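# Fold and contact review
The lines below spell out each chain.
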Amino acid sequence: MIDQTRRVALVTGGANGIGWATAQRFALDGYRVVIADMDADRARERTQALDGADTGMHVGIRADVAVEADVRALIDTCVERFGRLDVLVNNAGNSDQPHPTIEQNVDAFDRLLGIHVRGTFLACREAARVMLAQRSGAIVNLGSIAGLAGIPARNAYGAAKAGIVAMTRSLACEWARDGIRVNAVAPGYVATELVETLKRNGQMNLQAIERRTPMGRLAQPDEIARAISFLASDAASYITGTVLSVDGGWHAYGAAGD
């Protein structure tokens, strides 16, 4: 029989990068973890890694967060399996078109907004149906420095992350008296597999980014995960509607040059 007193955390895009680090962090904190990802096999592999010898503690599910039916089925599965949902981390996302604005196409623009903005909205809405009934829950959305500052050519990504920040504040105020807290983190540049691939392909100059960042380095995925874990925890019980920058001082930096 499943212990329905143990807290449950759902991480979208949880099979890689920040999402995987976050799933690991919640597992270490004693949560049952649901990993949702477009890559079903990878999601299952990750939950098996979290399970260790204790099979069935965690679950991996394929879901496209931009598809309403997928999100509804995802939340239903969480509740059917574990009887509750305490934390939602909206991490699923994709990257911008690596082209000048005049070469970007609208289909890719729409797809990015669909995953980030529509996906965050759908997951928040469906999770809230459960959390409102529980009169408790915490949602942490993934913003970005790109949603707080102007980064040339990152049009869809910047717009999406700015939209997520605005949605975070709106939902936080709507649900504050119903026991649901909604916050966001805004990471800077993080040393993920994707960033390493972009570096190898010549699409990202990591040395320039490190020079531009006051702390002089990229974040490790677990450093973002720890901030997410904090905002979801009881230690942040009076924090809602906030955006926590986790960027090594990148957004605060205002001097000319590096």
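Residues numbered from 1 in each chain as written. Predicted model: local features only at pLDDT ≥ 70, side-chain atom pairs only at ≥ 80, totals over all residues. Heavy atoms only, no water.

- Under an unreviewed UniProt entry, the protein chain has the name SDR family oxidoreductase and belongs to Paraburkholderia ginsengisoli.
- Per UniProt, the protein chain has the following entry under Sequence similarities (unreviewed entry): "Belongs to the short-chain dehydrogenases/reductases (SDR) family." (UniProt positions renumbered as here; feature names shortened; annotations may be inferred.)

### Some details on the sheet that holds strand E3 (residues 59–62)
- Reading across from one edge, E3-E2-E1-E4-E5-E6-E7 is the order of the seven strands in this open sheet, with parallel pairing throughout. Each end of this open sheet is capped by a strand with a single partner; those strands are E3 and strand E7 (243–246). The average angle at which neighbouring strand axes cross in this sheet is 20°, direction not considered.
- Of the strand pairs in this sheet, strand E6 (residues 180–187) and E7 are connected by four bridges, and their pairing is parallel. From the neighbouring strand, Val 185 faces E7, where its bridge partner is Leu 244.
- Contacting strand E4 (87–90), strand E5 (137–142) and E6, helix H4 (residues 106–134) runs over the sheet at an angle of about 180° to E4.
- Docked against the sheet, helix H5 (residues 155–175) engages E5, E6 and E7, running at close to 160° with respect to E6. (Pairing = 2+ DSSP bridges. Helix = DSSP H or I, 4+ residues; strand = E, 2+ residues; numbered from the N terminus. Axes fitted to C-alpha atoms, helices over the stretch in contact; angles between N-to-C directions. Contact = heavy atoms within 4.5 Å.)

### Focus on the pairing of strand E2 (residues 32–37)
- Buried residues dominate E2, accounting for six of its six residues.
- Burial along E2 is two-sided: Arg 32, Val 34 and Ala 36 and Val 33, Ile 35 and Asp 37, pointing in opposite directions, are all buried.
- Read from strand E1 (residues 8–12) through helix H1 (residues 17–28) to E2, the crossover connection turns out right-handed.
- Bridge analysis of E2 against E3 gives four bridges, and the strand direction is parallel. (Buried < 20%, exposed > 50% of the residue type's maximum accessible area, 1.4 Å probe, protein only. Right-handed = clockwise from strand over helix to strand, strands pointing away.)

### Here's the deal with unusual backbone geometry
- A positive phi angle is found at Arg 135, which is not glycine, with a value near 60°.
- Relative to the helices and strands, Arg 135 is located in the loop between H4 and E5.
- Despite not being glycine, Ala 153 shows a phi value in the positive range, around 75°.
- Tracing the sequence through the fold places Ala 153 in the loop between E5 and H5.

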